[in-house]
Amino acid sequence: MKYKTLKGLQDILPPDISVWQQIESTAREIFRTYGYQEIRLPIMESTDVFIRSIGETSDIVEKEMYTFLDKGGRSITLRPEGTAAFVRAYVEHHLFNNPPPQKFYYMGPMFRYERPQAFRYRQFYQIGAEAMGTDDPRLDAEIISMLSAILSTIGLEGLNFEITSIGCKECRPDYIAALKAFLKDKIEDFCSDCERRYKLNPLRILDCKVPACIQSREGSPPVIDYLCSECTEHFNSLKENLDLLKVPHSINPNLVRGLDYYTKTAFEVSSESLGSQKAVAAGGRYDSMVKEFGGPPTPGIGFAIGMERIVPLINTSDDAPEGPDLFICPLDDKASEKAVLITEELRNHGLRVEINFDTAVCEQDTLYL
Ligand SMILES: [Zn+2]
Ligand SMILES: [Zn+2]
């Protein structure tokens, strides 16, 4: 019998892993300078954590989650994204009691049952950041600037930063009404999911991946035209602060994120070099999620970088992997005992040392120290 990785999964082996490590260490260093601390969360959560926050009618919840019953009959889901699980932990551990802004980052695998294609895997890795406790648009600009710093320091070029505002609970009803009016005559052309979404949550029609739905929603009114004065002011301040920080960006009024929890700022970073899967990072503000998880009203904003999207964009040098500093070759069994001890001693001093246990080979190769 031959075993292989499951469909849509991949092994990451040396020397490719060195690019991953380089990205992770660069991100850690930049997170440190911005005051972000690492958190490590379980890869699985109670299914409700994701249904309530991401949205029952989202593609992720309806089609893409790895959900199963454990032996105790509980519904468990492998995390399809990081923010919902983060907010669960934030509320559970009362992290809102620390002085704001509280800043966290994480690195790790996420899981979505999607059709595998270039740069898209069913187990994929993200580096994410979450900043909590202030809705000041200067924080939005700062976190986008930090994302820009991470991506440029690891060597990515020619990236497009697109931003928008998707409104708040005050202005969203007006927008939904306008969207429904626009989509009304097109219901018949939608897939069955979107037919249902029209009644339950028409916003989710905007990120349906079915070609007929993409076509039918073309020309729909952008949410940015329906912002209330508070959202407009917030968005204008974000743009000014991005200019101040010299983060080149464009406004994409059609930017939608496939998650229910976003409010106000949403953004996406893309690279033309990746073809259709061009997003390398994305994020946004989620000002009502902590309250929905049972915590005090606490604004938050975050992003996630898709590792599989950025790894192929990084130029790797063709240098052969570094060899050991010393190679010890004992010539007989008696020398071998001493050689083992010397090898350990040298390693304790920080040298990379290899020892050959096959004394016969050593004699043949006449490799003397
Ligand atoms: Zn608003
Ligand atoms: Zn659809």
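Some details on the sheet that holds strand β2 (residues 44-46)
Across the sheet, three strands lie side by side as β2-β4-β3; this open sheet has antiparallel pairing. Sheet topology places β2 and β3 (66-69) at the edges, where each strand pairs with a single neighbour. Taking each pair of neighbouring strands and ignoring which way they run, the sheet shows an average axis angle of 30°. Note that β2 and strand β4 (residues 75-78) share three bridges and pair antiparallel. Bridge pairing in β4 links Met44 to Leu78. Its contacts with the sheet put helix α2 (residues 47-54) on β2, β3 and β4, and the angle it makes with β2 is roughly 75°.

A closer look at the sheet that holds strand β9 (residues 263-271)
As summarised here, the arrangement of the eight strands in space is β1-β5-β6-β11-β10-β9-β7-β8, forming an open sheet in which the pairing is mixed. Unpaired on one side and paired on the other, β1 (37-38) and β8 (250-251) mark the two borders of the sheet. Of the pairings in the sheet, the one linking strand β7 (residues 159-165) to β8 comprises two bridges and is parallel in character. In the sheet register, Glu162 faces β8, and the bridge partner there is Ser250. Across the sheet, helix α1 (residues 17-34) is in contact with β1, β5 (102-111), β6 (123-132) and β11 (300-306); its angle to β6 comes to roughly 5°.

Details of the coordination of the zinc ion (ligand 1)
Donor atoms from the polypeptide that bind the zinc ion (ligand 1) are Cys168 (SG), Cys171 (SG), Cys228 (SG) and Cys231 (SG), placed at 2.2 to 2.3 Å. For the zinc ion (ligand 1), the four donor atoms in the first shell make angles of 99 to 115° at the metal, a pattern classed as tetrahedral. One chain supplies every donor to the zinc ion (ligand 1), and in sequence these donors are spaced C-x2-C-x56-C-x2-C. Linking Cys171 in the loop between β7 and α6 (172-183) with Cys231 in helix α9 (residues 229-244), this pair joins segments that are 60 residues apart in sequence. Overall, Cys171 belongs to the buried group, its relative accessible area being 4%.

Considering the side chain of Thr343
Relative to the elements of secondary structure, Thr343 occurs in helix α12 (residues 333-348). The class for Thr343 is buried, based on a relative accessible area of 1%. Setting aside residues no more than four positions away along its own chain, Thr343 makes contact with Ile328, Val353 and Ile355.

Brief notes about the coordination of the zinc ion (ligand 2)
For a metal with four tetrahedral donors the ideal donor-metal-donor angle is 109.5 degrees, whereas six octahedral donors ideally subtend 90 or 180 degrees. With distances of 2.3 Å, the protein atoms coordinating the zinc ion (ligand 2) are Cys191 (SG), Cys194 (SG), Cys208 (SG) and Cys213 (SG). Considering all four donor atoms around the zinc ion (ligand 2), the spread of angles at the metal, 105 to 115°, places the coordination shape in the tetrahedral class. Binding-site remark: the zinc ion (ligand 2) is held by donors from one chain whose sequence spacing is C-x2-C-x13-C-x4-C. Of the two residues, Cys194 is situated in helix α7 (residues 192-200) and Cys213 in helix α8 (residues 211-216); the sequence distance between them amounts to 19 residues. Cys213 shares its class with Cys194; the two are buried.

Here is what the cut-offs are and how they apply
Residues numbered from 1 in each chain as written. Chains lettered and ligands numbered in written order. Predicted model: local features only at pLDDT ≥ 70, side-chain atom pairs only at ≥ 80, totals over all residues. Heavy atoms only, no water. Pairing = 2+ DSSP bridges. Helix = DSSP H or I, 4+ residues; strand = E, 2+ residues; numbered from the N terminus. Axes fitted to C-alpha atoms, helices over the stretch in contact; angles between N-to-C directions. Contact = heavy atoms within 4.5 Å. Donors = N, O, S within 2.8 Å, 3.2 Å for Na, K, Ca; no water. Tetrahedral: all angles 85-135°; square planar, octahedral: opposite > 155°, others 65-115°. Buried < 20%, exposed > 50% of the residue type's maximum accessible area, 1.4 Å probe, protein only.

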